[in-house]
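# Structural features, examined
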Amino acid sequence: MATTTAALLEAVRGLHVADPDLGVKPLVAKLREQQPDLGAVTKEVRKALTALKAETADAPPVAEALPAGSNTREAPFFLKCLTAGDGAGLREALRQGLDPNTVVETPAVSKEEALRHFPSGYTPNAAELEYAMHSATRMSILSLATVCSTVECVVALLDHSARLDAPDLGQLSALRAAVENDVLTTAGVLLRARAQVNASAQGGVLSLHIASQRGNVPMMELLLQAGASMTASNDAGYMAIHLSCRMGHQGTVSTLLQAKASAKARTASEQWRTPLYFASEQGHCDVVRVLLSALVGAEVDEGMHSGYTNVYVAASNGRDEALSLLLRAGASVNLPNDEGNTPLHGAAAHNRLKSARILIDHSASLDAASSGGSPGSRRRLTSFRWRCPWLS
């Protein structure tokens with residue numbers, strides 16, 4: 001081929017971003033494995049890699065956005081345009097030479113501001129919070145416009161060939177910015193401009209994962225129409241349906257199931273959890289009902305590795321309404337885990353009195369013992385019965 005095709009260039013770009021140290025031969029091997037239709041050959045891949053390195057050398061300038069309240073110097077004109085939603089002013093700046101791919105440095109946000117980006121009722125762990133406080137410190141003008149400006153400014157940048165994807169995992173792509181901030185109209189504009197709907201960021205997070213966590217049904221529908229993958233997992237092994245079930249978003253769970261997502265999908269991790277496991281663990285009863293309507297027979301017992309059933313996890317966590325729903329749907333009350341512990345053992349171990357009563361009402365065995373007749377497990381049930389005479 002006389003010139004490097006755009007498709008090959010983008011394919012090499014994706015692999016190069018994921019692993020900048022990949023040489024030509026490993027790149028060729030991965031391309032032939034992942035995208036055989038490209039017909040990748042060493043010469044063309046080397047040319048593409050050279051072109052990407054040239055892009056890096058000629059990277060656009062970085063503009064520093066002033067922290068709130070700063071008066072040390074005047075903010076750049078294009079930032080004033082973005083803040084005011086002035087599409088005409090931004091177009092004029094672009095005509096006068098503003099690089100549409102300029103990267104903007106923004107200050108890290110406070111803990112309180114970062115927490116506002118998480119769904120209501122969700123408590124992030126330390127790593128998630130740290131990432132939220134610092135993840136958006138490098139943004140293209142397009143991503144910044146998506147977050148804080150108008151559709152007119154976004155369109156102006158796209159008309160001047162602003163880059164849609166994030167050139168490295170440390171930057172926030174425009175589409176992800178739109179999804180994280182629930183900007184549906186702008187997300188539609190970006191997708192129509194061919195933004196990569198399945199591009200992943202740090203942690204293997206896709207836009208569909210974010211919409212799932214946020215419970216944003218219209219955004220999810222938009223992403224699915226654009227070809228978002230329902231089977232792609234983040235680095236923790238969670239697919240979109242697992243994230244929605246964990247957060248208790250019945251609307252997005254229903255949307256995914258209607259789009260043919262599997263109600264039995266297991267996480268791609270050592271724990272192999274199912275969507276119903278997450279809903280049962282958290283006591284999200286609306287989600288439990290939706291999932292039960294999509295499962296049959298023994299499928300309602302499938303929870304996680306080592307034989308932990310959904311009844312077990314609901315009883316252990318005192319999710320009494322979810323426990324009742326599972327049992328009425330035919331889930332096994334006495335099915336033990338790999339150690340021989342039944343759901344009643346789990347309720348006893350965590351002092352879940354009401355859960356134990358529900359299990360007994362559904363014929364849970366008071367005499368079940370762990371594998372090998374574990375005295376410790378028998379003592380748990382005996383002690384539990386002593387404190388709760390109604391179990392006898």
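The sections below set out a description of the structure shown in this document.

### A few points about the overall build of the chain
Summing up its helical and strand segments, the chain has 22 helices and 3 strands in all. Looking at the chain as a whole, 45% of its 392 residues are labelled buried. Long-range pairs, those at least 24 residues apart, make up 69% of the contacts in the chain between residues at least 6 apart in sequence. For the chain, the computed accessible surface area is about 19,000 Å², with 51% contributed by carbon and sulfur atoms.

### Quick notes on unusual backbone geometry
Positive phi, close to 65 degrees, is recorded for Ser161, a residue that is not glycine. Within the secondary structure, Ser161 is located in the loop between α9 (151–159) and α10 (174–180). For Ser161, a relative accessible area of 58% puts it in the exposed group. Even without being a glycine, Asp182 presents a positive backbone phi close to 55 degrees. What makes Asp182 partly exposed here is its relative accessible area of 35%.

### Overview of α9
If you check which residues of α9 are buried, you get Cys153, Val154, Ala156, Leu157 and Leu158. Following α9 by one or two positions, Ser161 has its phi on the positive side, about 65 degrees.

### Notes on the packing of aromatic side chains
Under the defined criterion, the tally for this structure stands at 3 aromatic pairs. Judged by centre distance (5.2 Å) and plane angle (70 degrees), the ring pair of Tyr238 and Phe278 falls under edge-to-face. Of this pair, Tyr238 sits in the loop between α13 (217–225) and α14 (240–247) while Phe278 sits in helix α16 (residues 275–282), placing them 40 residues apart in sequence. Of the aromatic side chains, those joined through ring pairs into one cluster are Tyr238, Tyr277 and Phe278.

### Topic: the pattern of salt bridges
This model, assessed by the stated rule, comprises 10 salt bridges. By sharing partners, the salt bridges in this structure join Asp286, Arg289 and Glu321 into a single network.

### Re the packing of helix α4 (residues 77–84) against helix α8 (residues 141–148)
At their nearest, the axes of α4 and α8 sit 9 Å apart, and the two run at 30 degrees to each other. In terms of orientation, α4 and α8 fall into the roughly parallel class. Judged by the twist between their axes, the crossing of α4 over α8 is right-handed. Between α4 and α8, the residues in contact are Phe78, Leu79 and Leu82 and Ile141, Leu144, Ala145 and Cys148, respectively. When grouped by side-chain class, the residues that make up the contact of α4 with α8 number 7 nonpolar, no polar and no charged.

Calculation rules
Residues numbered from 1 in each chain as written. Predicted model: local features only at pLDDT ≥ 70, side-chain atom pairs only at ≥ 80, totals over all residues. Heavy atoms only, no water. Helix = DSSP H or I, 4+ residues; strand = E, 2+ residues; numbered from the N terminus. Buried < 20%, exposed > 50% of the residue type's maximum accessible area, 1.4 Å probe, protein only. Contact = heavy atoms within 4.5 Å. Areas by Shrake-Rupley, 256 points an atom, 1.4 Å probe, with all protein chains shown as cover. Phe/Tyr/Trp six-rings, centres within 6.5 Å; stacked < 30°, edge-to-face > 60°. Salt bridge = Lys/Arg side-chain N within 4 Å of Asp/Glu carboxyl O. Axes fitted to C-alpha atoms, helices over the stretch in contact; angles between N-to-C directions. Parallel < 35°, antiparallel > 145°, perpendicular 65-115°, else oblique. Left-handed = near helix turned anticlockwise from the far one by under 90°. Nonpolar A, V, L, I, M, F, W, Y, C, P; charged D, E, K, R; others polar.

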